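Analysis of the macromolecular model
Spelled out, the chains give:
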Amino acid sequence: MTSQFPCTKCGACCMSIDEIDFLEHYNENGVCINLIEGGCSIYTERPLLCRIDESYEAFFSSYMSKENFYLINAKACNELQEKLQINKKYRVWV
Ligand code: SF4
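Bear in mind the structure is a predicted one, so any value in this text is a computation, not a measurement.

1. Section: the packing of helix α1 (residues 52–60) against helix α2 (residues 66–83)
At their nearest, the axes of α1 and α2 sit 11 Å apart, and the two run at 125° to each other. When the axis of α1 is compared with that of α2, the two are oblique. The interaxial crossing formed by α1 with α2 has right-handed handedness. Two secondary-structure elements touch here, α1 through I52, D53, Y56, E57 and F60 and α2 through K66, F69, Y70 and N73. In the contact of α1 with α2, the residues fall into five nonpolar, one polar and three charged.

Have a look at this one:
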């Protein structure tokens, strides 16, 4: 297992944050208002929920293994990518 979640920076989560509890900064299409050409405009100050590894430590480490957490996240990433018809080269493998 990798030491960090292998995010492929596809942007699918940023384009679907209306599906994520507790994040409310999205436009009428569910796209994060901080997503700009080239990526996240607040990357270094992005919310904790946008930081997979830090979220694990803060919220989930007492409930599940990191391996399970990565598997669940990778599945969600790949399902979002398929829904948004994002190129298969961005699929997440853990
Ligand atoms: S959907 Fe997954 S792989 Fe794509 S940017 Fe978000 S965390 Fe990274």
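2. Digging into the site of the ligand
Around the ligand, the neighbouring residues are C7, T8, K9, C10, G11, A12, C13, I52, C77, Q81 and V92. Among the residues forming the shell around the ligand, the class breakdown is seven nonpolar, three polar and one charged.

3. Quick notes on α2
Under the 1.5 Å per step criterion, the end-to-end length of α2 is 26 Å for 18 residues, consistent within 8% with the ideal 26 Å. Of all the positions in α2, only F69, Y70, N73, A74, C77, N78, L80 and Q81 are classed as buried. Mapping the buried residues of α2 onto a view down its axis gives an arc of 160°, with all of them on the same face. Those residues of α2 that are exposed and aimed more than 90 degrees away from the buried face are K75, E82 and K83. Packing partners of the buried residues in α2 comprise α1. Positive backbone phi, at 55°, marks Q85, one or two positions downstream of α2.

4. Re α1
What α1 keeps buried is the set D53, S55 and Y56. Down the axis of α1, the smallest arc covering the buried residues is 160°, so these residues share one side. Where α1 is buried, its residues contact α2.

5. What to know about the pattern of salt bridges
As enumerated under the stated definition, the model contains six salt bridges in all. Notably, a salt bridge pairs R91 with E82, separated by 4.0 Å at the nearest N-O pair. Classification of E82 as exposed rests on a relative accessible area of 53%. Each member of the salt-bridge network shares a partner with another, and the members are D53, E57 and K66.

Conventions we followed
Residues numbered from 1 in each chain as written. Predicted model: local features only at pLDDT ≥ 70, side-chain atom pairs only at ≥ 80, totals over all residues. Heavy atoms only, no water. Axes fitted to C-alpha atoms, helices over the stretch in contact; angles between N-to-C directions. Helix = DSSP H or I, 4+ residues; strand = E, 2+ residues; numbered from the N terminus. Parallel < 35°, antiparallel > 145°, perpendicular 65-115°, else oblique. Left-handed = near helix turned anticlockwise from the far one by under 90°. Contact = heavy atoms within 4.5 Å. Nonpolar A, V, L, I, M, F, W, Y, C, P; charged D, E, K, R; others polar. Near = heavy atom within 4 Å. Expected span 1.5 Å × (residues − 1). Buried < 20%, exposed > 50% of the residue type's maximum accessible area, 1.4 Å probe, protein only. Arc of directions from axis to C-beta. Salt bridge = Lys/Arg side-chain N within 4 Å of Asp/Glu carboxyl O.

Bear in mind that shape data such as this cannot, by itself, settle questions of function.
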